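Now for the letters of each chain:
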Amino acid sequence: MKILIHSSNLKEILQCYETGLVDGIDYPYAIYSNSDLECLYGMYDGLEGVGVENVHIPLGGTVEQMTEKADKILSTHGYSAVLKIPVNRHNLTLARALSHRHYRVNVTHVYNPAQAVMVAKAGVDNVTVSVGAIDDFGYAGLEVLRGVAGMCNAQQVDTTVVAADLRTTHRA
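Residues numbered from 1 in each chain as written. Predicted model: local features only at pLDDT ≥ 70, side-chain atom pairs only at ≥ 80, totals over all residues. Heavy atoms only, no water.

## Quick notes on the overall build of the protein
What counts here: Helix and strand definitions follow DSSP, with helices as H or I runs of at least four residues and strands as E runs of at least two, each counted in order from the N terminus. A simple rule labels every residue: compare its accessible area, found with a 1.4 Å probe on the protein chains alone, to the largest value its type can have, and call it buried under 20%, exposed over 50%, or partly exposed in between. The contact criterion used is simple: two residues touch if any of their non-hydrogen atoms lie within 4.5 Å. Shrake-Rupley sampling with a 1.4 Å probe provides the accessible areas, and residues are treated as covered by the protein chains on show and by no other component.
When you go through the protein residue by residue, the secondary structure sums to seven helices and seven strands. Counting from the amino terminus, the protein carries its helices and strands in the arrangement β-α-β-α-β-α-β-α-β-α-β-α-α-β. Among the 172 residues that make up the protein, the fraction classed as buried is 43%. Taking the contacts inside the protein whose residues are at least 6 apart along the sequence as the reference set, 54% of them involve residues at least 24 apart. For the protein, the computed accessible surface area is about 9,400 Å², with 53% contributed by carbon and sulfur atoms.

## A short note on the packing of helix α5 (residues 113-121) against helix α7 (residues 141-154)
Stated formally: Angles run from 0 to 180 degrees between N-to-C directions of axes, and those axes are lines fitted to C-alpha atoms, restricted for helices to the stretch in contact. Crossing handedness: left-handed means the near helix sits turned counterclockwise from the far one by under a right angle, and right-handed means the same turn made clockwise. Charged residues are taken to be Asp, Glu, Lys and Arg, nonpolar residues to be Ala, Val, Leu, Ile, Met, Phe, Trp, Tyr, Cys and Pro, and polar residues to be all remaining types, Gly included.
It is at 9 Å that the axes of α5 and α7 come closest, and there the two elements cross at 35 degrees. Relative to α7, the crossing made by α5 is right-handed. Where α5 approaches α7, its residues P113, A116 and V117 are matched on the opposing element by V144, V148 and M151. Classifying every residue of the contact of α5 with α7 gives six nonpolar, no polar and no charged.

Right under this line is the structure:
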């Protein structure tokens, strides 16, 4: 099990990292747009020497823009960067292409096992199930998560299943 802090506040990230319990950072999509890529790089640079091995950086825009950003991120920050891409048909093609280039990819906003199968077939490192959002739609998010994890395990898929948007623990 890995714990990622979902934040864009460098001070908060460093405080959490000092506990020794945090395995990485998951930058929120909300803080990321085409105009603040340099700001994101600055925060990323502020983590040098801390030992962060997993920094999930969101990509947005067209497939061409995301490919360009992915190349820039990886050339600047190397293997600790994990590229976050929301699931859709075009992005799955991009995720597959980036995975074949040995980039670490996390496909997010997965809401059902069928999407998870497609994500896993793309060869990505992580498939992120949005448990809280699924609950908001009136379905059992943790059951979907269990189904996705069970499917990946049964098929021996080399993809890590990530639970995101966990809001409560009483139904686990």
